[in-house]
Amino acid sequence: MSPLPDVDRPSMEDRLALRRLAELFSLPRLERGWVWLAGAGPGDPGLASFLTFAAIAEADVIVSDALVNDSLLALARPEAKIIDAGKRGGKPSPKQAVISGQLVNYARKGLRVLRLKGGDPFVFGRGGEEAQALVRAKIPFRIVPGITAGTGGLAYAGIPVTHRETNQAVTFLTGYGADGKIPDFRWDAIAQGSPTLVFYMARKHAGEIAARLIDAGRPIDEPAAIISNASLADQTTQLTTLGELGRVALEAQTPAIIVIGENVRLAAGLDWLGAALHGRVLDPDPLKNSTLRNTG
Ligand code: SAH
């Protein structure tokens with residue numbers, strides 16, 4: 001795993017302060033023999049929940065995913081065992097059964113075990129599978145939800161995941177099926193049924209996904225956005241159209257979340273981060289060119 005940042009590492013007092021705050025709010029504590037499956041949010045450490053922070057400071061063993069921000073791990077006790085269960089440097093990630101087995105074994109030894117995942121553990125994160133393994137092994141556990149890339153990542157690009165004027169529904173999808181191909185969706189139903197589509201793990205197959213949606217009737221000039229490294233210092237947003245999506249996605253960095261729908265236009269008016277960092281001028285009427293407004 002990449003080296004932990006060693007500037008201003010949290011101290012023993014910092015961990016105690018976290019614990020005092022947790023007591024103040026009567027929050028549950030990560031107990032011996034328990035596993036917490038916790039979300040770390042999309043990247044910005046500030047988007048991890050307080051329960052996640054407190055669990056990091058308390059855990060004996062932390063099994064962490066590649067998408068978890070390393071700076072959060074700096075909060076761990078110096079003697080904590082940190083296991084990198086993510087893909088890094090082209091090496092394959094450990095098999096799911098191996099990870100679940102580790103959680104069970106450490107908990108059975110009476111250790112406080114934290115399973116840290118990017119975003120929300122129950123959103124395209126296999127948190128359910130790991131929790132089921134704990135149930136089978138009769139290990140007590142808690143789920144700590146996190147801010148998922150499909151909502152939090154969009155918010156950092158100034159794109160509301162729902163907006164009354166553009167979409168009163170949204171669908172979250174993965175672009176990557178179990179066999180490495182695009183999943184076998186009913187593309188006509190998805191294209192017609194959901195005004196906004198948010199795709200995880202879809203960068204590679206973005207062109208194919210766009211083609212299916214266009215085939216199923218979505219306009220070729222429908223707005224789309226690719227947000228890479230959302231909520232991190234190197235976040236980038238590319239605004240494009242469904243017709244151009246595949247080409248633009250190939251140049252995008254990962255991790256990347258893809259959103260397709262009229263709500264993407266709102267970025268022109270709500271990209272608060274671009275405004276703060278680069279002085280971008282926010283458009284007070286970002287939906288003026290929306291097909292919804294002009295055909296309604
Ligand atoms: N459990 C995670 C998702 C894991 S699947 C969650 O709730 O967010 C991994 C996919 O999540 C990536 O392929 C990407 O589509 C998305 N993702 C996670 N973090 C991201 C980030 N910081 N920026 C953009 N996309 C991200």
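Because the structure is predicted, anything quoted here is derived from the model rather than measured.

Visitor: Tell me what's going on with empty space enclosed by the protein, and back it up with residues and numbers.
Guide: Per the counting criterion, the structure on display carries one cavity of 30 Å³ or more. If you trace the largest cavity, you find it lined by Ala 22, Pro 28, Arg 29, Leu 30, Trp 36, Leu 51, Ala 54, Ala 55 and Glu 58.

Visitor: Which residues make up the pairing of strand β1 (residues 35-39), and what are the values?
Guide: For β1, the buried fraction is high: five of the five residues fall into the buried class. Across the two faces of β1 the burial is the same, with Val 35, Leu 37 and Gly 39 and Trp 36 and Ala 38 all buried. Across four bridges, β1 lies against strand β5 (residues 141-144) in parallel orientation. Paired with Leu 37 across the bridge in β5 is Ile 143.

Visitor: Summarise the packing of aromatic side chains; cite the residues concerned and give the values.
Guide: All told, the structure shown has five aromatic pairs when counted by the stated rule. Consider the rings of Phe 185 and Trp 187, whose centres lie 5.3 Å apart with planes at 75°: the pair is edge-to-face. For Phe 185, a relative accessible area of 25% gives the class partly exposed. Taking 6.3 Å as the distance between ring centres and 20° as the angle between the ring planes, the aromatic pair formed by Trp 187 and Phe 199 counts as stacked. Of this pair, Trp 187 sits in helix α7 (residues 187-193) while Phe 199 sits in strand β7 (residues 196-200), and the two are 12 residues apart along the sequence. Side by side, Trp 187 and Phe 199 carry an identical accessibility label, which is buried. Above the plane of the ring of Trp 36 lies Arg 142, whose end atom (NZ or CZ) is 5.7 Å from the centre.

Visitor: Provide a residue-level description of helix α2 (residues 50-58), including the pertinent values.
Guide: Structurally, the α-helix is built with 3.6 residues per turn, so residues lying three or four positions apart point the same way. Within α2, seven of the nine residues are buried, which leaves it mostly tucked inside the rest of the structure. Buried within α2 we find Leu 51, Thr 52, Ala 54, Ala 55, Ile 56, Ala 57 and Glu 58. Tucked into the core, α2 has its buried residues touching α1 (12-24), β1, β2 (61-64), α3 (70-73), β4 (113-117) and β5.

Visitor: Can you explain the sheet that holds strand β3 (residues 81-84)? Please cite residues and give values.
Guide: Read across the open sheet, the five strands follow the order β3-β2-β4-β1-β5; overall the sheet is parallel. With partners counted over all chains shown, the strands left at the sheet margins are β3 and β5, one partner each. Along the sheet, successive strands turn relative to each other by an average axial angle of 15°, direction set aside.

Visitor: Before we move on, could you go through the side chain of Asp 60 and cite the residues and values that matter?
Guide: Here Asp 60 lies in the loop between α2 and β2. Given the relative accessible area of 13%, Asp 60 is considered buried. Within the structure, the side chain of Asp 60 is placed 2.3 Å from the side chain of Arg 77, a separation counted as a polar contact. Residues contacting Asp 60, with those up to four places away along its chain left out, are Arg 32, Arg 77, Ala 80, Lys 81, Leu 111 and Arg 112.

Visitor: How would you sum up the side chain of Gln 235? Please name residues and give values.
Guide: Mapped onto the secondary structure, Gln 235 falls in the loop between β8 (223-228) and β9 (236-241). Side-chain polar atoms of Gln 235 contact the backbone nitrogen of Ser 231, separated by 2.8 Å. Apart from the residues within four sequence positions on either side, Gln 235 is in contact with Tyr 156, Ala 157, Ile 227, Ser 228, Asn 229, Ala 230 and Leu 273.

Visitor: Explain the site of the ligand residue by residue, including any values.
Guide: In the vicinity of the ligand there are 17 residues, among which Pro 42, Asp 120, Val 123, Thr 148 and Ala 256 approach most closely. The separation between an oxygen atom of the ligand and a polar side-chain atom of Thr 148 is 2.6 Å. Within the backbone of Ile 257, an N or O atom sits 3.4 Å from a nitrogen atom of the ligand. Expressed as a share of its isolated accessible area of 540 Å², the protein-covered part of the ligand is 91%. A class-by-class count of the residues in the shell around the ligand yields 12 nonpolar, four polar and one charged. Both of domain 1 (12-147) and domain 2 (150-289) provide at least three residues apiece to the shell around the ligand.

Visitor: Provide a residue-level description of the layout of surface pockets, including the pertinent values.
Guide: Of the pockets and cavities examined, the second largest pocket occupies roughly 340 Å³. Lining the second largest pocket we find 19 residues, and of these Gln 235, Thr 237, Asp 271, Gly 274 and Arg 280 sit closest to its centre. Those elements that place two or more of their residues in the lining of the second largest pocket are β9, α10 (267-270) and α11 (272-278). Sorting elements by how many residues they give to the lining of the second largest pocket places α11 first, with four residues. Classifying every residue of the lining of the second largest pocket gives 11 nonpolar, six polar and two charged.

Visitor: Please set out the nonpolar core residue by residue, giving values where relevant.
Guide: Formed by 23 residues in total, the largest nonpolar core has its most connected members in Phe 199, Leu 213, Ile 226, Leu 245, Ile 258 and Ile 260. Looking at this core, the elements with two or more residues in it are α7, β7, α8 (206-215), β8, α9 (245-251) and β10 (256-260). Broken down by element, this core gets its largest block of residues, four residues, from α8. Setting aside residues no more than four positions away along its own chain, Ile 260 makes contact with Pro 195, Thr 196, Leu 197, Phe 199, Leu 213, Arg 218, Glu 222, Pro 223, Ala 224, Leu 242 and Leu 245. By size, the runner-up hydrophobic cluster in this structure holds 21 residues, among which are Leu 30, Ala 38, Ala 57 and Ala 76.

What counts and how
- Residues numbered from 1 in each chain as written.
- Predicted model: local features only at pLDDT ≥ 70, side-chain atom pairs only at ≥ 80, totals over all residues.
- Heavy atoms only, no water.
- 1 Å grid on protein atoms, 1.4 Å probe; cavity = no way out; pocket = protein on both sides within 12 Å on 5 of 7 lines; lining within 4 Å.
- Points joined across faces, edges and corners; volume = space filled by probe spheres on them.
- Buried < 20%, exposed > 50% of the residue type's maximum accessible area, 1.4 Å probe, protein only.
- Helix = DSSP H or I, 4+ residues; strand = E, 2+ residues; numbered from the N terminus.
- Pairing = 2+ DSSP bridges.
- Phe/Tyr/Trp six-rings, centres within 6.5 Å; stacked < 30°, edge-to-face > 60°.
- Lys NZ or Arg CZ within 6 Å of the ring centre and 35° of its normal.
- Contact = heavy atoms within 4.5 Å.
- Axes fitted to C-alpha atoms, helices over the stretch in contact; angles between N-to-C directions.
- Polar contact = N/O pair within 3.5 Å; in protein donor to acceptor, adjacent residues only side chain to side chain.
- Near = heavy atom within 4 Å.
- Areas by Shrake-Rupley, 256 points an atom, 1.4 Å probe, with all protein chains shown as cover.
- Nonpolar A, V, L, I, M, F, W, Y, C, P; charged D, E, K, R; others polar.
- Domains from an automatic or database assignment.
- Core = buried A, V, L, I, M, F, W, Y, C linked by side-chain atoms within 4.5 Å.

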